[in-house]
Amino acid sequence: MVDFEVVDLGETEHVDEGDTAPDFTRPLVNAEYWEDASLSDLTDEGPVLLVFYTMDGAFPATYVWNEIRDRGWGDRLTVVGVSISTPYEHETLIEERGMDYRLFSDPSNAVAREYGIDHDLDGMTGISEPRPSVFLLDEDRTVEYAWVATEWPEFPDYDEVEDAIEANV
Amino acid sequence: MPADQPSITLYRLQACPYCERVVRKLQEYDLEYRSRFVEPMHSDRNVVKRISGKRTVPAIVDENTGLTMSESANIVEYLEKTYGDGGAA
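About the thresholds
Residues numbered from 1 in each chain as written. Chains lettered and ligands numbered in written order. Predicted model: local features only at pLDDT ≥ 70, side-chain atom pairs only at ≥ 80, totals over all residues. Helix = DSSP H or I, 4+ residues; strand = E, 2+ residues; numbered from the N terminus. Rg over C-alpha atoms; globule rule 2.2 N^0.38 Å. Buried ≥ 20, exposed ≤ 12 C-beta atoms within 10 Å, placed from the backbone. Contact = placed C-beta atoms within 7 Å. Expected span 1.5 Å × (residues − 1). Pairing = 2+ DSSP bridges. Nonpolar A, V, L, I, M, F, W, Y, C, P; charged D, E, K, R; others polar. Axes fitted to C-alpha atoms, helices over the stretch in contact; angles between N-to-C directions. Parallel < 35°, antiparallel > 145°, perpendicular 65-115°, else oblique.

With that settled, the discussion passes to the overall build of chain A. On a plain count of helices and strands, chain A comes out with 5 helices and 11 strands. For 169 residues, the compact-globule formula gives about 15 Å, and the C-alpha radius of gyration of chain A, at 15 Å, lands near that figure. Its C-alpha atoms give chain A principal-axis dimensions of about 45 × 35 × 30 Å. Sorting the 169 residues of chain A into buried and exposed places 37% on the buried side. Across chain A, the fraction of contacts at a sequence separation of at least 24, relative to all contacts at a separation of at least 6, is 64%.

Following this line, the structure appears as C-alpha cells:
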C-alpha cells in the first residue's frame, strides 16, 4: 500500500440541490473566439451541466474533460466548464482535447466564491480556484443535482452524474 | 443567442490599436455592440475569414444594415456615415 495523501477540504456552505444557481456573466470561450455571456443565456436554451474544474494544464482538467467527451454528454444537454484560466488557455485546452464544450473564464474566482466552492491553493500564494464541482441545472437554473469535492484531489462520480442526467433531462 | 443581443458584433484582438479605434467610434455614437475576441495567430481566425473573407481584425457585422466590413478606416467611415450627425440611421 502506497502512502497516498488526500487532503480533506472540510465542509462548505455551497449551492445545493433545490437552490437556484446564481447567474453570472463572464467571457465564454468556444473553439474560435470568446465573448461575454451569462449562465442564464445557456439555461434559457435548455438544461445545463455546469462543471467547475482546476486550472487548465493541471492533470484533473485533462482527466475530467476526456471523460466527459468520451461519455458524449454534450449530445444530451449543454455542457459548460468554468475555471480560473484565461481565454487564451481555454483556446489551447479546447484545441488539444478536441472539445465541443465551451468554457467560462473567471480568473478572479468570484463565481466560485458566489457558489461557496472556492479553494485556496497551498503553495501557490494568492491563487484561489473552484473545488471540482458539477451542477445539473434546469431551464430556471434550479439545481437538480450537485456534486462538490470534499477532498483534494477528487473526481466526480461520473455514473452518478449520468444517472442524474438520465433522470432529469 | 438571446433576442436582446446588440445588432453590431465587433471581432477584435486584445490590445490592437486599430480595434480600439473602432471601439472609440462605437462608444462615441453610444452604439450597443458585442465583442468577440480572437487569437493573435492569423491561422486561428477562421471565424473572421468566414464572415468577412479575410483574417484581419477589426471586422464588424451590423445587422441593422446587413453589412460586414473589415479595415478600421473603412469601418470608422461607415460608422460616421451611418450613425454620425446627418447619418442615414
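The helix and strand inventory of chain B stands at 3 helices and 4 strands. Beginning at the N terminus, the succession of helices and strands in chain B can be written as β-α-β-α-β-β-α. Taken over the C-alpha atoms alone, chain B extends approximately 40 × 30 × 20 Å along its principal axes. Every one of the 89 residues in chain B was classed for burial, and the buried ones make up 25%. Contacts in chain B between residues far apart in sequence, at least 24 positions, make up 54% of those at least 6 positions apart.

For an α-helix, the turn length of 3.6 residues means that residues three or four places apart are oriented alike. Residues and elements named next belong to chain B. Along its 12 residues, helix α1 (residues 17–28) runs 16 Å from first to last C-alpha, staying within 8% of the 16 Å computed at 1.5 Å per residue. On its buried face, α1 is in contact with β1 (8–12), β2 (33–37), β3 (59–62) and α3 (72–83). Phi turns positive, to about 60°, at Asp-30, one or two residues after α1.

Residues and elements named next belong to chain B. Here β3 pairs with strand β4 (residues 67–70) via 4 bridges, running antiparallel. Residue pairing across strands places Ala-59 opposite Ser-70, the latter belonging to β4. Counting the residues in the hairpin turn of β3 and β4 gives 4 residues, including Gly-66, whose phi is positive at 75°.

Below, the discussion takes up the interface of chain B and chain A. Facing 9 residues of chain B, the contacting portion of chain A comprises 9 residues. Mapped onto the side of chain B that touches chain A, the elements with two or more residues apiece are β2 and α2 (46–52) of chain B. Residue contributions to the side of chain B that touches chain A peak at 4 residues, all from β2 of chain B. Class assignment of the residues belonging to the side of chain B that touches chain A gives a composition of 4 nonpolar, 2 polar and 3 charged.

Moving on to the packing of α1 of chain B against α3 of chain B. Residue and element names in this part refer to chain B. Running from N to C, α1 and α3 point in directions that differ by 5°, and their axes come no closer than 9 Å. It follows that α1 is roughly parallel to α3 by the angle criterion. Here α1 contributes Tyr-18, Arg-21, Val-22, Lys-25 and Leu-26 to the contact with α3, which in turn contributes Ser-72, Ile-75, Val-76 and Leu-79. A per-class count over the contact of α1 with α3 returns 6 nonpolar, 1 polar and 2 charged.

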